[in-house]
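Examining the three-dimensional arrangement
Residue-level listing of the chains:
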Amino acid sequence: MKYRLRLHPRMPRIYLYRDPVDFRKSFRGLAAIVEQELGHNPFEVALYAFTNRRRDKIKLLYWEENGFVLYYKSLAEEKFHWQGGEEELVSLTGQQINWLLDGYDLSAMKGHKKLHYEATF
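The following paragraphs examine the structure supplied in this document.

Cut-offs and rules
Residues numbered from 1 in each chain as written. Predicted model: local features only at pLDDT ≥ 70, side-chain atom pairs only at ≥ 80, totals over all residues. Heavy atoms only, no water. Helix = DSSP H or I, 4+ residues; strand = E, 2+ residues; numbered from the N terminus. Contact = heavy atoms within 4.5 Å. Pairing = 2+ DSSP bridges. Axes fitted to C-alpha atoms, helices over the stretch in contact; angles between N-to-C directions. Polar contact = N/O pair within 3.5 Å; in protein donor to acceptor, adjacent residues only side chain to side chain. Buried < 20%, exposed > 50% of the residue type's maximum accessible area, 1.4 Å probe, protein only. Arc of directions from axis to C-beta.

Turning to the environment of glutamate 118, a few remarks are in order. By secondary structure assignment, the location of glutamate 118 is in the segment after helix H2 (94-102). Along the primary structure glutamate 118 and lysine 2 are separated by 116 residues, whereas in three dimensions their C-alpha atoms are 46 Å apart.

This paragraph deals with the side chain of arginine 18. For arginine 18, the location among the structural elements is in the loop between strand E1 (14-17) and helix H1 (27-37). In this structure, arginine 18 is in contact with Thr51, Trp82, Gln83, Gly84, Gly85, Glu87, Glu88 and Val90, ignoring residues within four places of it in sequence.

Backbone hydrogen bonds are what pair the strands of a sheet, in a parallel or an antiparallel way. Overall, mixed pairing links the five strands, which are arranged E4-E3-E2-E1-E5 in an open sheet. Each edge of the open sheet is held by one strand with a lone partner, namely strand E4 (68-74) and strand E5 (89-92). Sheet twist, expressed as the mean angle between neighbouring strand axes with direction ignored, is 20°. For strand E3 (residues 57-63) and E4, the ladder comprises seven bridges, and the chain directions are antiparallel. Considered in E4, the bridge of tryptophan 63 is made with phenylalanine 68. Against the sheet, H1 contacts E1, strand E2 (47-51), E3 and E4, and its axis sits at roughly 75° relative to E3.

Within the secondary structure layout, asparagine 52 lies in the loop between E2 and E3. A distance of 2.6 Å separates a polar atom in the side chain of asparagine 52 from a polar atom in the side chain of aspartate 56. One polar contact links the side chain of asparagine 52 to the main-chain amide nitrogen of lysine 57, over a distance of 3.2 Å. Setting aside anything within four residues of it in sequence, one finds asparagine 52 in contact with Pro20, Val21, Phe23 and Lys57.

We now examine H2. Because an α-helix completes one turn every 3.6 residues, residues spaced three or four positions apart along the sequence face the same direction. Looking only at H2, the buried set comprises Gly94, Ile97, Asn98, Leu100 and Leu101. With its buried residues spanning 155° around the axis, H2 presents them on a single face. In this fold, the buried residues of H2 make contact with E1, E2, E3, E4 and E5. Looking one or two places after H2, you find glycine 103, whose phi comes out positive at around 105°.

Shape descriptors only; they carry no functional weight alone.
Listed below in structure tokens is the structure:
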């Protein structure tokens, strides 16, 4: 039986920091990026994902009531994939961050278009 450490799909706020970071940074250095570069409070309920230049490692930072949780994943052969863009920070859902950790390319995962109708006739 396989066991995985995964986030709850309904986690309220998850952010992917697009710029690569120096992976020698510990939770203190990553929390400083959250506070100083993003202007967010690192002690609020939010998860921040960081990657290295090669995109083969990811660190997740989360404040859990009395201390920081730092999740680190290093891929043996592959890279993490997500869509490009101009924004420094991208909002993700709990499902999307789990897909990213499972190796799916987030830019390729597009659902059906949403339809909105005013009436049935």
